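# Coordinates in review
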Amino acid sequence: LQRTLKRWSFMIGDAWPLVGRWLAPRVTRRIMHDANRYLKNRDGLGRHVRAVLRVEIESAWDAGAPLLVIGHSLGSVIAYDTLWDLSRERADGARVDLFITMGSPLATRFIQRKLVGTPERGEKRYPTNIRRWLNFTARGDTTALRQRLAPKRRPTKPCTVKRCGRRSFPAA
């Protein structure tokens, strides 16, 4: 029951951010502050972090190597934004073979309102350079409030969602 109440408080906070700040424990407010620093590009932080990842991705593409990108929590948002940038800037058709997100807040309103592709409409809102996307969530995860990213992230190519329980891991 306590876990369920906690999860609902986070979902309410996602829908109404002012209420979320009031409901959130101190550690959660700190995490939200760090996420905002990235999302609002304070002191160029967002641009800098994406540039670091971008160098690695472009290096793999230039070498012709298969590419697996894994992002956890805010790292999944950084990877997603970087892939969005690259899908607009590179016309050579380079693609990520597999994008894995874990504990990703990409489906939350808090994050969706601030992604780099948010001002765009339709398919232009999404990265076009991802061949396959797997999203892993855990039951009761308070970061990945909405486990299904597909309807909100890329309607034409939904990711496969794997939910992990306490004792078992479903087969792929």
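Note that this is a predicted model, so its numbers are computed, not measured. The residue numbering used here restarts from 1 in each chain and proceeds along that chain's sequence as written. Reporting of local features is limited, given that this is a predicted model, to residues whose pLDDT is at least 70; pairs of side-chain atoms are given and counted only at 80 or more, and all residues count toward the totals for whole chains, interfaces and linings. Side-chain metrics rest on all non-hydrogen atoms present in the structure, leaving aside hydrogens and water.

As a further point, take the overall build of the protein chain. Secondary structure summary: the protein chain contains 7 helices and 4 strands in total. Counted from the first residue to the last, the protein chain has its helices and strands arranged as α-α-α-α-β-α-β-α-β-α-β. The buried label applies to any residue whose accessible area, calculated with a 1.4 Å probe on protein chains only, is under 20% of its type's maximum; exposed applies above 50%, and partly exposed to all values in between. By the burial criterion, 42% of the 172 residues in the protein chain qualify as buried. We call two residues in contact when some of their heavy atoms are within 4.5 Å. Nonlocal contacts in the protein chain, meaning residues at least 24 apart in sequence, comprise 81% of its contacts between residues at least 6 apart. Of the roughly 10200 Å² of accessible surface on the protein chain, 56% is carried by carbon and sulfur atoms. For the purposes of this entry, the term helix denotes a DSSP run of H or I that reaches at least four residues, the term strand denotes a run of E that reaches at least two, and both are numbered from the N terminus. Computed with the Shrake-Rupley method and a 1.4 Å probe, the accessible areas treat only the protein chains shown as cover for residues.

Quick look at the confidence of the model for the protein chain now. Looking at the protein chain, pLDDT values average 77 and 63% of them are 70 or higher. When pLDDT is averaged over each element of the protein chain, helix H4 (residues 45–63) comes out on top at 96 and helix H7 (residues 150–153) at the bottom at 44. Scored below 50 in pLDDT, residues 150–158 makes 23 contacts in the model with residues more than four places away or belonging to other chains. Within a predicted model, pLDDT stands for the predictor's per-residue confidence, ranging from 0 to 100. Confidence over residues 165–172 falls short of pLDDT 50; this stretch has 7 contacts with residues more than four positions distant or in other chains.

Put simply, H4 and helix H5 (residues 74–89) touch, their axes get as near as 9 Å, and they point 60 degrees apart. The angle between the axes of H4 and H5 places the two elements in the oblique class. Here H4 and H5 pass one another in a crossing that is right-handed. In this structure, H4 uses Val 49, Arg 50, Leu 53, Arg 54, Ile 57, Glu 58 and Trp 61 to contact H5, whose residues at the interface are Ile 78, Ala 79, Asp 81, Thr 82, Leu 83, Asp 85, Leu 86 and Glu 89. Helix axes use the C-alpha atoms of the stretch in contact, all axes being lines fitted to C-alpha atoms, and the angles between their N-to-C directions lie in the range 0 to 180 degrees. When an angle is under 35 degrees it counts as roughly parallel; over 145 it counts as roughly antiparallel; between 65 and 115 it counts as roughly perpendicular; any other value is oblique. Each crossing is labelled by how the near helix is turned from the far one, with a counterclockwise turn of less than a right angle marking it left-handed and a clockwise turn marking it right-handed.

Attention shifts here to the environment of Arg 131. Inspection of the secondary structure assignment puts Arg 131 in the loop between helix H6 (109–112) and strand E3 (133–138). Between the C-alpha atom of Arg 131 and that of Asp 97, which follows or precedes it by 34 residues, the distance is 5.2 Å. Excluding residues that lie within four positions of it along the chain, Arg 131 makes contacts with Arg 95, Val 96 and Asp 97. Between N or O atoms, a polar contact is any pair within 3.5 Å; within protein, one atom must be a potential hydrogen donor and the other a potential acceptor, and residues adjacent in sequence are included only when both atoms are from side chains. There is a polar contact of 2.6 Å between the side chain of Arg 131 and the side chain of Asp 97.

Before going further, it helps to examine H5. Across its 16 residues, H5 extends 23 Å between first and last C-alpha, which sits within 8% of the 22 Å expected from 1.5 Å per residue. Of all the residues in H5, the buried ones are Ser 76, Val 77, Ile 78, Ala 79, Tyr 80, Asp 81, Thr 82, Leu 83, Trp 84, Asp 85, Leu 86 and Ser 87. Here the expected span of a helix is defined as 1.5 Å times the quantity of residues minus one.

The next point concerns the pattern of salt bridges. Whenever a carboxyl oxygen of Asp or Glu lies within 4 Å of a side-chain nitrogen of Lys or Arg, that contact is scored as a salt bridge. Applying the stated criterion across every chain yields a total of 7 salt bridges. Between Arg 54 and Glu 58 there is a salt bridge, with its nearest N and O atoms 3.6 Å apart. Of this pair, Arg 54 and Glu 58 both sit in helix H4, 4 residues apart, which is roughly one turn of that helix. You can call Arg 54 partly exposed: its relative accessible area is 21%. With a closest N to O distance of 2.4 Å, Arg 90 and Asp 92 form a salt bridge. Through salt bridges that share partners, Arg 54, Glu 58, Asp 62, Glu 89, Arg 90 and Asp 92 make up one connected network.

This part is about the environment of Val 52. Relative to the elements of secondary structure, Val 52 occurs in helix H4. Each C-alpha atom of the pair Val 52 and Thr 82 lies 9.6 Å from the other, and the pair is 30 residues apart in sequence.

Any two aromatic rings considered together are summarised by their centre-to-centre distance and by the angle between their planes. Two aromatic rings, drawn from Phe, Tyr or Trp (for Trp, its six-membered ring), form a pair once their centres lie within 6.5 Å of each other, and the interplanar angle then sorts them: stacked below 30 degrees, edge-to-face above 60, tilted otherwise. Per the stated rule, a full pass over the model turns up 2 aromatic pairs. Their ring planes at 45 degrees and their centres at 6.0 Å tell us that Tyr 80 and Trp 133 sit as a pair that is tilted. With a gap of 53 residues between them, Tyr 80 in helix H5 and Trp 133 in strand E3 connect regions that are remote in the sequence. When its relative accessible area of 7% is taken as the criterion, Trp 133 is described as buried.

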